[in-house]
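Observations on the model geometry
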Amino acid sequence: MRQLLPEPLDEVHPYDACRPDDPRGSLVRVNFIASVDGSVTDRQGRSGGLASAGDQAMFVALRAWSDAILVGAGTARTEGYGPHRLRPSLAQRRRADGRPNPAAMVLVTRSLKLDFGARIFTAAVTPTIVLTCASAPPEGQQAARRAGRLIVAGDKDVDLAEGLRRLREDYGLSHVLCEGGPRLTEATLEARQVDELCLTLAPALLGHGGPRLVEHLGQSVPLRLQHLFDEGSELYLRYRVGRSG
Ligand SMILES: NC(=O)c1ccc[n+]([C@@H]2O[C@H](COP(=O)([O-])OP(=O)(O)OC[C@H]3O[C@@H](n4cnc5c(N)ncnc54)[C@H](OP(=O)(O)O)[C@@H]3O)[C@@H](O)[C@H]2O)c1
């Protein structure tokens, strides 16, 4: 892929394209792919129909930099999320950058309607974490504890600021990649916890009225473009996220 901003480079590896400003610092990144008319799903209600090889390369490179991969239970159920594995070349680069273990998957849920016998729990190298709130069913909380790790943050909804603080302080997971979906992203933005938005702009007009990256926010969120890459007709944008409306 080619880098267009901040300065032109003919060829850049996706891992380098995703390098954080401070690889040791704490960071919350959101990653999405959207069509030019703004849909984040294909006609089947999944993101797969939008993705290309270039987007997939960015998706795994962003994972390779992260300590935790945060995902809403809706997306985990729709997309059939499994355990996280990196291909050897990326795992090697990750180790060289001081991250010996794979990132933990973190599932955000209120209902705890999760399959605790699924491979995302049973085949995880780094234990999967369930992030829920106090009002979640107690028997589900016990099942989550038995299957992996459980964090309870907030009462009726997950308090994302508290949940992200617990990931950092209890487990040392300070670089968090949020893979959506829209409702989790809205909650994370509303909690003013997002530092960066990585967006793949897929070269298509889908025209089926699919969901947007976010649909409801209390106030607008300013974005500042810091990096821009392209491959063919696809664009990869890295925005710094402002904290005020
Ligand atoms: N294009 C892309 O890059 C992309 C990325 C991700 C997802 N998607 C698409 O987006 C769609 C799913 O989006 P979505 O917005 O419906 O789902 P979502 O944000 O993935 O998940 C929503 C669910 O997450 C839990 N949740 C989120 N925020 C919470 C909070 N603050 N407190 C407690 N629980 C919380 C709840 O789980 P419970 O129901 O278990 O309580 C809620 O029902 C799918 O079609 C997926 O394919 C696209």
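Above this note sits the structure.
These notes cover the structure that comes with them. (Residues numbered from 1 in each chain as written. Predicted model: local features only at pLDDT ≥ 70, side-chain atom pairs only at ≥ 80, totals over all residues. Heavy atoms only, no water.)

Some details on the pattern of salt bridges
What the rule picks out here adds up to 13 salt bridges. With a closest N to O distance of 2.9 Å, Arg110 and Asp157 form a salt bridge. Highlighted residues: Arg110 in the loop between strand 4 (104-108) and helix 5 (119-122) and Asp157 in the loop between strand 6 (149-152) and helix 7 (160-171), separated in sequence by 47 residues. Judged by its relative accessible area of 45%, Asp157 is partly exposed. Residue Arg166 pairs with Asp170 through a salt bridge whose shortest N-O separation is 2.6 Å. With Arg166 and Asp170 both in helix 7 and four residues apart, the pair spans about one turn of that helix. (Salt bridge = Lys/Arg side-chain N within 4 Å of Asp/Glu carboxyl O. Helix = DSSP H or I, 4+ residues; strand = E, 2+ residues; numbered from the N terminus. Buried < 20%, exposed > 50% of the residue type's maximum accessible area, 1.4 Å probe, protein only.)

Here we look at the side chain of Glu179
If you trace the backbone, Glu179 turns up in the loop between strand 7 (175-178) and helix 8 (182-190). For Glu179, the side chain forms a polar contact with the side chain of Tyr81, separated by 2.5 Å. What Glu179 contacts, discounting residues up to four positions off in sequence, is Asn31, Phe59, Arg63, Ile69, Leu70 and Tyr81. (Polar contact = N/O pair within 3.5 Å; in protein donor to acceptor, adjacent residues only side chain to side chain. Contact = heavy atoms within 4.5 Å.)

A word on unusual backbone geometry
The omega angle of the peptide bond from Leu5 to Pro6 is 10 degrees, so this bond is cis rather than trans. Between Gly180 and Gly181 the backbone carries a cis peptide bond, its omega angle lying at 5 degrees. Position of Gly181 relative to the elements: it lies in the loop between strand 7 and helix 8. Backbone geometry at Leu112 places phi at a positive 60 degrees, although glycine is not the residue there.

Focus on the packing of aromatic side chains
Geometrically, a pair of aromatic rings is defined through the distance of the ring centres and the angle of the planes. By the definition in use, this model includes two aromatic pairs. With a centroid separation of 4.4 Å and an interplanar angle of 15 degrees, the aromatic rings of Tyr15 and Trp65 are classed as stacked. Pair noted here: Tyr15 is in helix 1 (residues 14-17) and Trp65 is in helix 2 (residues 53-65), with a separation of 50 residues, a long-range link. For Trp65, a relative accessible area of 0% gives the class buried. Aromatic pair Phe116 and Phe121: ring centres 5.2 Å apart, planes at 50 degrees, arrangement tilted. The exposure class of Phe116 is buried, given its relative accessible area of 18%. The class of Phe121 is buried, set by a relative accessible area of 7%. (Phe/Tyr/Trp six-rings, centres within 6.5 Å; stacked < 30°, edge-to-face > 60°.)

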